[in-house]
Amino acid sequence: MIREKDKQLLSHIYRGKKIARRYMVTNGFDGTLTMLGMMTGFYVSGTKELGVAINACLGAAVALFVSGFSSAYLSEKAERQEELRKLEQALLIDLEDSHYGDASRYLPLLIASVNGLSPLSLSLIIVAPLFLAHHGILLPWSPFLVAIAVALICIFLLGVYLGKISRQFWLWAGLRTVFIALILVATILMFDI
Amino acid sequence: MTTTRKIVLDVLKPHKPNGVDFATALAQLSPDYHVRLSVVEMDAKTESVIVVLEGKNIAFDSVSELIKKMGASIHSIDEVEVHGSETI
């Protein structure tokens, strides 16, 4: 059984759930589109070196993780500190040792982890076909085409998730995000040199 | 040996935790605690509440520590009921 004291802290953390969810979709979308862009670029340029493509994608994935984690941590930390300071002024006490103080320390870490891990995990899923092909596993199409298909599925699922949150028709919400991804692919194909 | 049977506190607390959670947390400090909470003033970020705590022997230090942990502060101790050893 969760103690009442812990429940108080958990309720503060629960308040951060919506923010974490927003960050997860925003940065997950960011990461997926980045990978989709890279895969499309590799495909149209006729890249044969899978090792080079994997390293480039992993570099981008790690960069997205570091960028997502640090930017969310810094901005959330600043927001929580400001919120804590305003509440301290209203109550005329130091809240560092209270659940509010604990929340202002743990919530930015939690939200930053979601913001960093979301694009990293999606990127790794999208790069997976390249890994498989690199290790000799035969794929039905070019590994880049399979990766593009995986990226489109990820984007569709992100759209479906958004539709679920906003209580919209899931198929329409999913297709809308796929449409954005297709615009990206078309734009990259237009600039093919 | 004396026992504290009742304490009435004037507390300034943030809106969260709400009155129910606040009183529940205090009541869970000991199975014999009986807590009554009434809001006397409401502000944009805070609310003043009167907490009436009754029990067989109230441990004021742990009550005060928990109130502080929940982000509230005790403004004043408005009423206390302490029994001497012979009344136990």
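Residues numbered from 1 in each chain as written. Chains lettered and ligands numbered in written order. Predicted model: local features only at pLDDT ≥ 70, side-chain atom pairs only at ≥ 80, totals over all residues. Heavy atoms only, no water.

### Observations concerning the nonpolar core
Using the following cut-off: Think of a nonpolar core as a cluster: buried Ala, Val, Leu, Ile, Met, Phe, Trp, Tyr and Cys residues, connected wherever their side-chain atoms sit within 4.5 Å. Each residue's exposure class comes from its accessible area (1.4 Å probe, protein chains only) as a fraction of the maximum for that residue type: buried when under 20%, exposed when over 50%, partly exposed otherwise. Under the scheme used here, helices are H or I runs from DSSP no shorter than 4 residues and strands are E runs no shorter than 2 residues, and both carry numbers assigned from the N terminus. Contacts were defined at the residue level, with two residues in contact if any of their heavy atoms lie within 4.5 Å.
Residues A:Met35, A:Leu36, A:Met39, A:Ile126, A:Val127, A:Leu130 and A:Phe144 are the most contacted members of the largest nonpolar core, which totals 28 residues. Looking at this core, the elements that each hand over two or more residues are helix H2 (17-44), helix H3 (50-91), helix H4 (99-134), helix H5 (143-165) and helix H6 (170-190) of chain A. Non-local contacts of A:Val127, meaning those with residues more than four positions away in its chain, are made with A:Met35, A:Met39, A:Ile54 and A:Cys57. Judged by nonpolar contacts, the second largest core, of 18 residues, contains B:Ile7, B:Leu53, B:Met70 and B:Ala72.

### A short note on the pattern of salt bridges
So the rule is basically this: A carboxyl oxygen of Asp or Glu within 4 Å of a side-chain nitrogen of Lys or Arg is what we treat as a salt bridge.
Across all of its chains, the model carries 9 salt bridges over all chains by this definition. The partner of A:Glu83 in a salt bridge is A:Arg80, with the nearest N and O atoms 3.8 Å apart. Placement of both A:Glu83 and A:Arg80 in helix H3 is noted, with a separation of 3 residues, approximately one turn of the helix. A:Asp102 is paired through a salt bridge with B:Lys69; the nearest N and O atoms lie 3.1 Å apart. Taken together, the residues span two chains, with A:Asp102 in helix H4 and B:Lys69 in helix H2 (residues 60-69). The class of A:Asp102 is buried, set by a relative accessible area of 11%. Sharing partners across several salt bridges, the network here consists of A:Glu96, A:Asp102, A:Arg105 and B:Lys69.

### Some remarks on the interface of chain B and chain A
Test applied: Note on definitions: buried area is the accessible-area loss of two parts on being combined, 1.4 Å probe, summed for both. Amino acids outside the nonpolar list (Ala, Val, Leu, Ile, Met, Phe, Trp, Tyr, Cys, Pro) and the charged list (Asp, Glu, Lys, Arg) are all regarded as polar, and Gly is one of them.
Contacts between the two partners involve 18 residues from chain B and, on the opposite side, 15 residues from chain A. Note on chain B versus chain A: buried area summed over both sides is about 1,400 Å², and carbon and sulfur give 64% of it. Taken together, chain B and chain A are joined by 1 salt bridge. Among the elements of the structure, strand S1 (3-14), helix H1 (19-27) and H2 of chain B are those that each provide at least two residues to the side of chain B that touches chain A. In terms of residue class, the side of chain B that touches chain A is made up of 7 nonpolar, 5 polar and 6 charged.

### Looking at the sheet that holds S1(B)
Either a parallel or an antiparallel arrangement is found when strands of a sheet pair, and the pairing is made through backbone hydrogen bonds. All names here are of chain B. Short version of the rule: When DSSP finds two or more bridges between a pair of strands, those strands are recorded as paired. Orientation is described by axes fitted as lines to C-alpha atoms, over the contacting stretch for helices, and by angles from 0 to 180 degrees between their N-to-C directions.
Pairing is antiparallel in the open sheet, where 4 strands are placed in the order S2-S3-S1-S4. Strand pairing shows two members of the sheet lacking a second neighbour, strand S2 (34-42) and strand S4 (73-83), which therefore form its edges. For this sheet the average axis-to-axis angle between neighbouring strands, irrespective of direction, equals 15°.

### Here we look at the packing of H2(A) against H6(A)
Residue and element names in this part refer to chain A. Using the following cut-off: By definition, any crossing whose near helix is turned counterclockwise from its far helix by less than a right angle is left-handed, and any crossing with a clockwise turn is right-handed.
Direction vectors running N to C along H2 and H6 enclose 35°, while the axes themselves pass 10 Å from each other. In this structure, H2 crosses over H6, and the sense of that crossing is right-handed. Where H2 approaches H6, its residues Phe-29, Leu-33, Leu-36, Gly-37, Thr-40, Gly-41 and Val-44 are matched on the opposing element by Thr-177, Ile-180, Ala-181, Leu-184, Val-185, Ile-188 and Leu-189. A per-class count over the contact of H2 with H6 returns 10 nonpolar, 4 polar and no charged.

### Remarks on the UniProt feature "transmembrane region" (unreviewed entry) in chain A
Residue and element names in this part refer to chain A. For the record, the criterion: UniProt positions are given in the numbering used here, feature names are shortened, and annotations may be inferred rather than shown by experiment.
Within this structure's numbering, the places UniProt gives as "transmembrane region" (unreviewed entry) are residues 21-44, 50-75, 109-132, 144-162 and 169-191. Measuring from the first to the last C-alpha atom of residues 21-44 gives 34 Å, for a span that is 100% helix and 0% strand. For residues 169-191, the end-to-end C-alpha separation is 34 Å, with 91% helix and 0% strand making up the annotated structure.

### Looking at the environment of A:Met35
Residues and elements named next belong to chain A. In this fold, Met-35 is placed in helix H2. Once the C-alpha coordinates of Met-35 and Ile-126 are considered, the two residues, 91 residues apart in sequence, prove to be 7.0 Å apart. Among all residues touching Met-35, those that are not within four sequence positions of it are Cys-57, Ala-60, Ala-61, Ser-123, Ile-126 and Val-127.

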